[in-house]
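Structural description and commentary
Each chain, letter by letter, is given below.
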Amino acid sequence: TIELKPYDFEGEKGQYAWRVRSKNSAGWSGYSGYGYFYVISNGFHSTFDNHTNKWQALYGDWFRVDPGYVKTKGVSNQYASVIQREFFLNNYVYEVKMKRKVEAFGDTPSNRIYFMATPGSDPTDGWDGGYEFYYYDDGNWRLAIRDGDIATILASGDSVKIKPYGWNKLTVVTDLPYIDLWINEYYLGWTYVGDDPMSYDRGYVGIAGFKNTGKTSLLVDRASVEYT
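In this text the structure is predicted, and so the values were computed from the model without any measurement. Each chain has its residues counted from 1, running along the sequence as written. Only residues with pLDDT of at least 70 are given local features in this predicted model, and only at 80 or more are side-chain atom pairs given and counted; all residues enter the totals for whole chains, interfaces and linings. Side-chain metrics rest on all non-hydrogen atoms present in the structure, leaving aside hydrogens and water.

1. Points about a nonpolar patch on the surface
Which entries qualify depends on this criterion: A patch consists of residues whose relative accessible area exceeds 30% and which take part in no salt bridge; residues with like charges are grouped when within 9 Å of each other, and nonpolar side chains (Val, Leu, Ile, Met, Phe, Trp, Tyr) when within 5 Å. Surface accessibility follows the Shrake-Rupley procedure with a 1.4 Å probe radius. Residue values consider only the protein chains on display as shielding. By salt bridge we mean one thing: a side-chain nitrogen of Lys or Arg within 4 Å of a carboxyl oxygen of Asp or Glu. Each helix is a run of H or I in the DSSP string that is no shorter than four residues. Each strand is a run of E no shorter than two, and both are numbered from the N terminus.
The grouping of Ile2, Leu4, Trp18 and Phe37 at the surface amounts to a nonpolar patch, some 450 Å² of accessible area in total. With respect to the helices, strands and loops of the structure, phenylalanine 37 is situated in strand β4 (residues 35-38).

2. With respect to the nonpolar core
Convention followed: Working definition of a nonpolar core: buried Ala, Val, Leu, Ile, Met, Phe, Trp, Tyr and Cys residues. They are joined through side-chain atoms within 4.5 Å. Classification of residues uses two cut-offs on accessible area relative to the type maximum, computed with a 1.4 Å probe and protein chains only: under 20% is buried, over 50% is exposed, and between them is partly exposed.
Tyr94, Met98, Phe115, Tyr131, Phe133, Ile179 and Ile207 are the most contacted members of the largest nonpolar core, which totals 38 residues. Among the nonpolar cores identified, the runner-up in size contains nine residues, and Tyr7, Ile83, Phe87 and Trp127 belong to it.

3. Some points on the environment of tryptophan 141
Counted only if it meets this: Residues count as neighbours in contact if any of their non-hydrogen atoms are within 4.5 Å of one another.
Position of tryptophan 141 relative to the elements: it lies in strand β14 (residues 140-147). Between the alpha carbons of tryptophan 141 and aspartate 221 there is a distance of 20 Å; along the sequence they are 80 residues apart. Those residues in contact with tryptophan 141, other than ones at most four positions away along the chain, are Phe133, Tyr134, Tyr135, Ala155, Ser156, Gly157, Asp158, Ser159, Ile162, Leu181, Ile183 and Leu188.

4. A few points about the packing of aromatic side chains
Formally: Here a Phe, Tyr or Trp ring, Trp counted by its six-membered ring, pairs with any other such ring whose centre lies within 6.5 Å, and the pair is stacked when the planes are under 30 degrees apart, edge-to-face when over 60, and tilted otherwise.
All chains considered together, the criterion is met by 24 aromatic pairs. Ring centres of phenylalanine 88 and tyrosine 227 lie 6.4 Å apart, and the angle between their planes is 40°; on these two criteria the pair is classed as tilted. Residue phenylalanine 88 is found in strand β10 (residues 88-89), and its partner tyrosine 227 is found in strand β20 (residues 218-227); the two are separated by 139 residues along the sequence. You can call phenylalanine 88 buried: its relative accessible area is 0%. Exposure remark for tyrosine 227: the relative accessible area of 32% places this residue in the partly exposed category. Among the aromatic residues, those joined into a cluster by ring pairs are Phe44, Phe48, Trp55, Phe88, Tyr92 and Tyr227.

5. Things to note about the pattern of salt bridges
Scanning all chains against the criterion turns up 11 salt bridges. Note that aspartate 8 is salt-bridged to arginine 85, the shortest N-O span being 2.8 Å. Here the residue aspartate 8 occupies a position in the segment before β1 (15-18), and arginine 85 occupies one in the loop between β9 (78-84) and β10, the gap between them amounting to 77 residues. Grouping residues by exposure puts aspartate 8 and arginine 85 together as buried. Between arginine 222 and aspartate 221 there is a salt bridge, with the nearest N and O atoms lying 3.3 Å from each other. Here arginine 222 falls in the partly exposed class, since its relative accessible area comes to 30%. One salt-bridge network, in which partners are shared between bridges, spans Asp8, Glu10 and Arg85.

The structure is reproduced here in C-alpha cells:
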C-alpha cells in the first residue's frame, strides 16, 4: 500500500528499511533487526518537449528551449554538466542524441555522457567516479574511467560516422565487465574493463560539454535508459 520511490540524487527519496516477525502456536515473536534497501530507477525516456523533469544542473546553466531541447552555453575552460536524478544498476542501454551547435574558431570542445557515475563534491571538478564516453567534432571519440581527477582511457578511435556540428547519437550498453559502444547506430566495438573498476556497477547518468573560450552551445535532443 506504500508506493516506493527510486533513490534520489540528493538522498531524499528511495531509502527504506523493513523488519519481520513470525507467528506460531505460541503467538508472535519479537521483530527482527531492520534490513535496509534502496529502490533503483526502472528507466526513463526524456524528449525535453515540455519539461526537464528529473534532470538537474550540476554546473553551468542548463535550460529547455523549443522545439524540445535542453541547452547549455557552457562554462569557459570547465565542464558544464547535468545529471539525471535517479539511480541505476548495471545491464542497461543509455542513449543520448546531442550536437555542438556551431564551430568556434580555435576551440576543441568535447561532448560527453557519463554512466555508472558519481558527481564530485565540488561541481567545478565534474564527476568523481564512473565511466565517460565522449566525442570531438573532428571525428575522434574516447571511453574513459574516472577516479577523482584521474581519467584513464579505456578505448579510443575515430569514426567517419560522427557528424561534425550535427546531431550525433551515442549509445552505451553496460554488461560488466564489458561495455559496448555505438555512434549513430555504427558499432564501435566492446571494451573489457577488467575487475578493478567493478565498483562502478551502479550510479547515475549524465551529460556534459567542455569548451575553451569560444561561443559554442551544446544541445541535447533526447536521452534514455532501458534495462536489457
